[in-house]
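Letter by letter, the chains look like this.
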Amino acid sequence: MKRLASVVIALCVFLSLSAQENNTFRFGYLSYEQALKSVPQYAIMKKQLADLEAQYQAETKRVEDEFNRKYEEFLEGQREFPKTILQKRQIELQELMEKNIAFKEECRKQLASAEEEMTAPIKTSLAEAIARIAKERGLALVVNTDSDACPFIDPEIGEDINTLVQDALK
C-alpha cells in the first residue's frame, strides 16, 4: 500500500511539473462520497437496506428473547431436574446459543452482500458520468478528494467537477 501511494505521489509530481512546462495537463477532482450520495437511487437503496436491517434485527431480538426465556426456565428448574434432563437442557441451550451466533454472522454477511449488490449499479452510473465529464472537459484524470487525500490542488490545472457530476446524475 505504501508503495502504491509512493507511485501515485511520484506520478502527481511528474504530471504537475509537466503541466507547468506546457500547460496541457488538466485533471478534475471531486468528493466521490458526496457524488455517490447525490444519486437519486442512493437514498432509495439506503432505505431498502435500513428496512432489511430492521427485519434482521427483529428476528435477532426474537431469537435472543427465546434463548433468554429458555435460560431462565433452566435456572429456575435446574435444582429439581434429574442429571440427564439437566445435561440435555444444557446441551439444548448451548446449541441454541451457537445457532444464534451463526445467525447473527449470516445476517451481517447478507447485509454486506445486499449493500454491495444494490450499490453496484449506482457506482457504475457514477463512474460513467465521471468518465463522460472528464472526456468532455479534456481531463487526464479525476482525483477523489475524500479523506483529505489532496490537501492542496492548484486551481490552474485542477478543476472541481463536483457540481457537474451531481447535475449529470440527477
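Criteria and cut-off values
Throughout, a residue's number is its position along its own chain's written sequence, starting from 1. Two thresholds apply to this predicted model, a pLDDT of at least 70 for residue-level local features and 80 or more for giving and counting side-chain atom pairs, whereas whole-chain, interface and lining totals are computed over all residues. No hydrogens and no water enter the side-chain calculation; it runs on all heavy atoms of the structure. Each helix corresponds to a stretch of at least 4 residues labelled H or I by DSSP, and each strand to a stretch of at least 2 residues labelled E; elements are numbered beginning at the N terminus. Each accessible area value is a Shrake-Rupley result obtained with a 1.4 Å probe; residue values ignore everything except the protein chains displayed when judging cover. Whether two residues are in contact is decided by their heavy atoms, any of which lying within 4.5 Å being enough. What a helix is expected to span follows from its residue count: subtract one and scale by 1.5 Å. What we call the bend at a residue is the angle made by axes fitted to the seven residues finishing there and the seven residues starting there. The definitions used throughout rest on a 1 Å grid laid over the protein atoms alone, on which a cavity is an enclosed set of points accommodating a 1.4 Å probe that cannot get out and a pocket is an open set flanked by protein within 12 Å on both sides along at least five of seven lines; lining residues are those having an atom within 4 Å of a point. Grid points are joined across faces, edges and corners, and a volume is the space filled by probe spheres set on the points. Only Asp, Glu, Lys and Arg are considered charged in this grouping, and only Ala, Val, Leu, Ile, Met, Phe, Trp, Tyr, Cys and Pro are considered nonpolar; every other residue, Gly among them, is considered polar. To define a nonpolar core, start from buried Ala, Val, Leu, Ile, Met, Phe, Trp, Tyr and Cys residues and group those joined through side-chain atoms within 4.5 Å. The cut-offs for exposure are 20% and 50% of the maximum accessible area for each residue type, with area from a 1.4 Å probe on protein chains only; residues under the lower value are buried, those over the upper are exposed, and the others partly exposed. The rule for pairing is simple: two strands pair if DSSP sees at least two bridges between them. Axis lines are fitted to C-alpha atoms, over the contacting stretch for helices. Their N-to-C directions set the angle, which ranges from 0 to 180 degrees. The scheme is simple: roughly parallel for angles under 35 degrees, roughly antiparallel for over 145, roughly perpendicular for 65 to 115, oblique for anything else. Here a crossing is taken to be left-handed if its near helix is turned anticlockwise relative to the far helix by less than a right angle, and right-handed if that turn runs clockwise.

1. Let's talk about the overall build of the protein chain
Now for step 1: Within the protein chain one finds five helices and three strands.
Now for step 2: Counting only carbon and sulfur atoms, one obtains 55% of the accessible surface of the protein chain, whose full area is about 12,200 Å².

2. Structural notes on the environment of Ile 122
Now for step 1: Summarising the element assignment, Ile 122 is placed in helix α4 (residues 83-137).
Now for step 2: Between the C-alpha atoms of Ile 122 and Val 39, which are 83 residues apart in sequence, the distance is 7.3 Å.
Now for step 3: Not counting the four nearest positions on each side in its chain, Ile 122 is found in contact with Leu 36, Val 39, Gln 41, Tyr 42 and Met 45.

3. Let's talk about α4
Now for step 1: The end-to-end C-alpha separation of α4 is 79 Å, in line with the 81 Å expected for 55 residues at 1.5 Å each.
Now for step 2: A bend of about 35 degrees at Ala 120 is the largest found in α4, and the proline Pro 121 appears one to four places after it.

4. Notes on the layout of surface pockets
Now for step 1: What the second largest pocket holds in volume is close to 180 Å³.
Now for step 2: For the lining of the second largest pocket, the secondary structure elements donating two or more residues are α3 (40-77) and α4.
Now for step 3: When residues of the lining of the second largest pocket are assigned to their parent elements, the largest contribution, six residues, is made by α4.
Now for step 4: Looking at the lining of the second largest pocket residue by residue, the classes come out as three nonpolar, no polar and six charged.

5. Some remarks on the nonpolar core
Now for step 1: In this structure, Leu 30, Leu 126, Ile 161, Val 165 and Leu 169 are the most contacted members of the largest nonpolar core, which totals 18 residues.
Now for step 2: Among the elements of the structure, α2 (32-38), α3, α4 and α5 (162-169) are those that each provide at least two residues to this core.
Now for step 3: With seven residues, α4 is the single largest residue contributor to this core.
Now for step 4: If we skip the residues at most four places from it in the chain, Val 165 touches Leu 30, Ala 35, Leu 126, Ile 130 and Ile 133.
Now for step 5: In terms of nonpolar packing, the next biggest core, distinct from the first, is built from six residues, Phe 25, Tyr 29, Ile 153 and Ile 157 among them.

6. Regarding the environment of Glu 53
Now for step 1: Structurally, the position occupied by Glu 53 is in helix α3.
Now for step 2: Considered as a pair, Glu 53 and Gln 110 are 57 residues apart in the sequence and their alpha carbons are 9.5 Å apart.

7. Concerning the sheet that holds strand β3 (residues 158-160)
Now for step 1: An order of β2-β1-β3 is seen for the three strands of this open sheet, with the pairing classed as parallel. Looking at the sheet topology across the chains shown, the edges are occupied by β2 (141-144) and β3. Across the sheet, the mean angle from the axis of one strand to that of its neighbour is 30 degrees, orientation sign disregarded.

8. Comments concerning the packing of α4 against α5
Now for step 1: Across the interface, α4 lies against α5 with an axial gap of 10 Å and an inter-helix angle of 125 degrees. As the angle between them shows, α4 and α5 are arranged oblique. Where α4 crosses over α5, the two elements pack in a sense that is right-handed. Facing α4, whose interface residues are Ser 125, Leu 126, Ala 129, Ile 130, Arg 132, Ile 133 and Arg 137, α5 presents Leu 164, Val 165, Ala 168 and Leu 169.
Now for step 2: Considering only residue class, the contact of α4 with α5 consists of eight nonpolar, one polar and two charged.

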